[in-house]
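Spelled out, the chains give:
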Amino acid sequence: MTTTSDQSVSDAVTAGAHATEIARSGASNLRGAAGGGADPARVSAVVGAALEGIRAAIRDHKVTYEEFDAFKQWLIAVSDTGEWPLFLDVYLEFEVEKVAAATQQGSIGTILGPFWLDGQAQLDSPATLPMRDDEPGTPMILAGQVIATDGTPLAGATVDIWHTDADGWYSGFASKPPAGNLRGVVRCDDQGRYEIHTRKPAPYTIPLDGPTGQMTQAAGWSPWRPAHIHLLVSAPGHRTLTSQLFFTGDPYLGNDVASADKPELTLDPQPTGNGDQVRSDRDFVLEPEA
Ligand SMILES: [Fe+2]
């Protein structure tokens, strides 16, 4: 979310609290994988390796008590603001996604991030996402077909879509866009085809008024995400695809704070000849459920 608006002052806490609530309910892990359980050998291996990485940083960089105390205070602030989902999804989820993707066939995907919401408008294709009467931004059509890895069109497929408005704000997490704005679950036709009318989203920064953004800026790292459309593509009996689509020419491609952008996920929307409307076509290939 950008900080060009006065609404940013309280947004880190509001967004953090909301994302934490969703993560607590378990709904933030939509890939449906079973939990890791409590196998002592695995706990020891994974937690041990993570702790050793931190200990190595302390040794190699001769971390002082002042820095150790600042680290404690920062961790407490991440908890107080509810930013654990944000921090984890921005700085670690892409590695988890890579591990999951190693066994995934069909279209490649990327991270879910912390801004998905359940219970959005159910729409039939062709669909126009809920938006304000004067919704700013370039009108955009995203269309395509959902098929199986053997090429079969997937009747009953749905495309759950959410993205920022043209000012970089997510409904449900920032105060300005109304609830449900530019979010929806679109039912494809009996050939798995979908067509979604929306507005082109904008790049945004992670909230800069919370500890994740402050740490990012303290390190001199870019807090920006390239503009993107989030998608969950599902069909009965098939593994849900979690993805994002980016845009050619975006200045933040290749320097995504969440490390989620991939060249294969870039759109190049073309004018339709209808005013300033643009269109991109993108098919999705889903593998059968294991
Ligand atoms: Fe996003």
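Rules of the game
Residues numbered from 1 in each chain as written. Predicted model: local features only at pLDDT ≥ 70, side-chain atom pairs only at ≥ 80, totals over all residues. UniProt positions renumbered as here; feature names shortened; annotations may be inferred. Helix = DSSP H or I, 4+ residues; strand = E, 2+ residues; numbered from the N terminus. Rg over C-alpha atoms; globule rule 2.2 N^0.38 Å. Buried ≥ 20, exposed ≤ 12 C-beta atoms within 10 Å, placed from the backbone. Core = buried A, V, L, I, M, F, W, Y, C linked by C-beta atoms within 7 Å. Pairing = 2+ DSSP bridges.

You'll find the chain entered in an unreviewed UniProt entry as Dioxygenase, with Actinomycetospora chibensis given as the organism. In its Cofactor (unreviewed entry) section, the UniProt entry covering the chain states "Fe(3+)". Quoted verbatim from the Sequence similarities (unreviewed entry) field of UniProt, the annotation for the chain is "Belongs to the intradiol ring-cleavage dioxygenase family."

Caption draft 1: Up close: the overall build of the chain. Helices and strands together make up the secondary structure of the chain, namely six helices and 14 strands. For a compact globule of 290 residues, the expected C-alpha radius of gyration is about 19 Å, and the chain comes in at 20 Å, within 12% of that figure. Taken over the C-alpha atoms alone, the chain extends approximately 60 × 45 × 35 Å along its principal axes. The 290 residues of the chain split such that 36% are buried.

Caption draft 2: Examining the nonpolar core more closely. Judged by nonpolar contacts, the single largest core of 50 residues is most densely connected at Val146, Val159, Ile161, Ile196, Val233 and Leu286. Put simply, the parts of the chain that give this core at least two residues each are helix 1 (11-25), helix 4 (84-91), strand 3 (139-148), strand 4 (158-163), strand 6 (193-199), strand 9 (229-234), strand 10 (241-247) and strand 14 (284-286).

Caption draft 3: Here's a closer look at the UniProt feature "domain: Intradiol ring-cleavage dioxygenases" (unreviewed entry) in the chain. In the numbering adopted here, UniProt assigns the feature "domain: Intradiol ring-cleavage dioxygenases" (unreviewed entry) to residues 142-170. Along residues 142-170, the helical share is 0% and the strand share 45%, with 19 Å between the first and last C-alpha atoms.

Caption draft 4: Layout of the sheet that holds strand 1 (residues 122-124). Pairing is mixed across the open sheet formed by six strands, whose spatial order is 1-5-4-9-10-11. Each edge of the sheet is formed by a strand with only one pairing partner; in this case those strands are strand 1 and strand 11 (266-267). As paired elements, strand 4 and strand 5 (residues 183-187) share five bridges and run antiparallel to each other. Paired with Thr158 across the strands is Arg187, a residue of strand 5.

Caption draft 5: Structural view of helix 6 (residues 211-218). Restricting attention to buried positions, one finds in helix 6 the residues Pro211, Thr212, Gly213 and Thr216. Just past helix 6, the residue Gly220 takes up positive phi, approximately 80°.

Caption draft 6: Spatial organisation of the pairing of strand 5. Two elements, strand 1 and strand 5, share three bridges in a ladder whose sense is parallel. Looking across to strand 5, one finds that Asp124 is bridged to Arg187.

Caption draft 7: Representation of the pairing of strand 10 in the model. Burial within strand 10 is extensive, with seven of its seven residues counted as buried. Residues of strand 10 alternate between two faces, with Leu241, Ser243, Leu245 and Phe247 on one and Thr242, Gln244 and Phe246 on the opposite face, all of them buried. Here strand 9 pairs with strand 10 via five bridges, running antiparallel. Of the residues in strand 10, the one forming a bridge with Ile229 is Leu245. Here strand 10 runs beside strand 11; their pairing, made up of two bridges, is parallel. Counted as the bridge partner of Phe246 is Thr266 from strand 11.

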